[in-house]
Amino acid sequence: MRAEAAVELLRRTRLFAGLEEATLRALAERAIERSYPRHGRLFYQGDPGTGLFVVGSGLVKVVVTSEDGEEMVLVTLGPGEALGELSIVDGGPRSASAEALEPTVALIITRPVLLDLATRDRALTEALLQTL
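Here the residue numbers are simple positions, counted from 1 along each chain's written sequence. With the structure being a predicted model, the display of local features is reserved for residues of pLDDT at least 70 and the display and counting of side-chain atom pairs for 80 or more, all residues being used for whole-chain, interface and lining totals. Heavy atoms from the whole structure form the basis of all side-chain values; hydrogens and water molecules are not counted.

1. Focus: the sheet that holds strand 1 (residues 32-36)
Note on pairing: DSSP must find at least two bridges between two strands before they are called paired. Helix and strand assignments come from DSSP, with helices taken as H or I runs of at least 4 residues and strands as E runs of at least 2, each series counted from the N terminus. Reading across from one edge, 1-8-3-6 is the order of the four strands in this open sheet, with antiparallel pairing throughout. In this open sheet, the two strands that pair with only one neighbour each are strand 1 and strand 6 (82-83). As paired strands, strand 1 and strand 8 (residues 104-110) are joined by five bridges and run antiparallel to one another. Counterpart to Arg-34 in the pairing with strand 8 is Ala-106.

2. Examining the packing of helix 2 (residues 21-30) against helix 4 (residues 111-120)
Only C-alpha atoms enter the line fits that serve as axes; for helices the fit covers just the stretch in contact. Angles between N-to-C directions range over 0 to 180 degrees. It is at 11 Å that the axes of helix 2 and helix 4 come closest, and there the two elements cross at 165 degrees. Classified by the angle their axes make, helix 2 and helix 4 are roughly antiparallel. Along this stretch, helix 2 crosses helix 4, giving a crossing that reads as right-handed. Counting all contacts with helix 2, which are made through Ala-26, Leu-27 and Arg-30, the residues of helix 4 involved are Val-113, Leu-114, Asp-116, Leu-117 and Arg-120. Classifying every residue of the contact of helix 2 with helix 4 gives five nonpolar, no polar and three charged. Note that the term roughly parallel is reserved for angles under 35 degrees, roughly antiparallel for angles over 145, roughly perpendicular for angles of 65 to 115, and oblique for everything else. Crossings are assigned a handedness: left-handed for a near helix turned anticlockwise from the far helix by less than a right angle, right-handed for a clockwise turn. Note on definitions: a residue-residue contact is assigned when non-hydrogen atoms from the two residues lie within 4.5 Å. All amino acids are sorted into three groups, where Ala, Val, Leu, Ile, Met, Phe, Trp, Tyr, Cys and Pro are nonpolar, Asp, Glu, Lys and Arg are charged, and the leftover types, Gly among them, are polar.

3. Observations regarding unusual backbone geometry
The backbone phi angle of His-39 is positive, close to 70 degrees, even though this residue is not glycine. Tracing the backbone through its elements, the reader meets His-39 in the loop between strand 1 and strand 2 (41-43). To sort residues, take the accessible area from a 1.4 Å probe on protein chains only and compare it with the maximum for the residue type: under 20% means buried, over 50% means exposed, and anything in between is partly exposed. The class of His-39 is partly exposed, set by a relative accessible area of 47%.

4. A few points about the pairing of strand 7 (residues 97-100)
Looking along a regular strand, one sees side chains alternate from face to face of the sheet. Here strand 7 shows a buried face lined by Ser-97 and Glu-99 and a second buried face lined by Ala-98 and Ala-100. Two strands pair when backbone bridges link them, and strand 2 and strand 7 are joined in this way by two bridges, in the antiparallel orientation. Across the sheet, the residue bridging to Arg-41 is Glu-99, located in strand 7.

By themselves, these figures tell us nothing about what the structure is for.
So this is what it looks like as structure tokens:
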């Protein structure tokens, strides 16, 4: 994904919509782009929460799996939507799993990147707090 396309994607995301251009650009430059096939897992319940994901294209379902192996779908997310925000604050394990329902491209913004930028941009800190 080109840098300009990544900036536009972040600007459309509720979490990042009100941020300054410089902050959006810094996030886009430090984001990691990943592609997932249909049924590919972005992350599993219990995995370390290392960052948040922004769906660029495709669809992602977020599910919780019970001890008996039954899945409950919490939400389905499409382009411009973010998931995994809680891991930014607590750094704990994932409370749910995320699976691509179709071929999906996502930007991953790691916890260290977000925390670093949040220390320099109060608007980003406020956006993270409002989302949670």
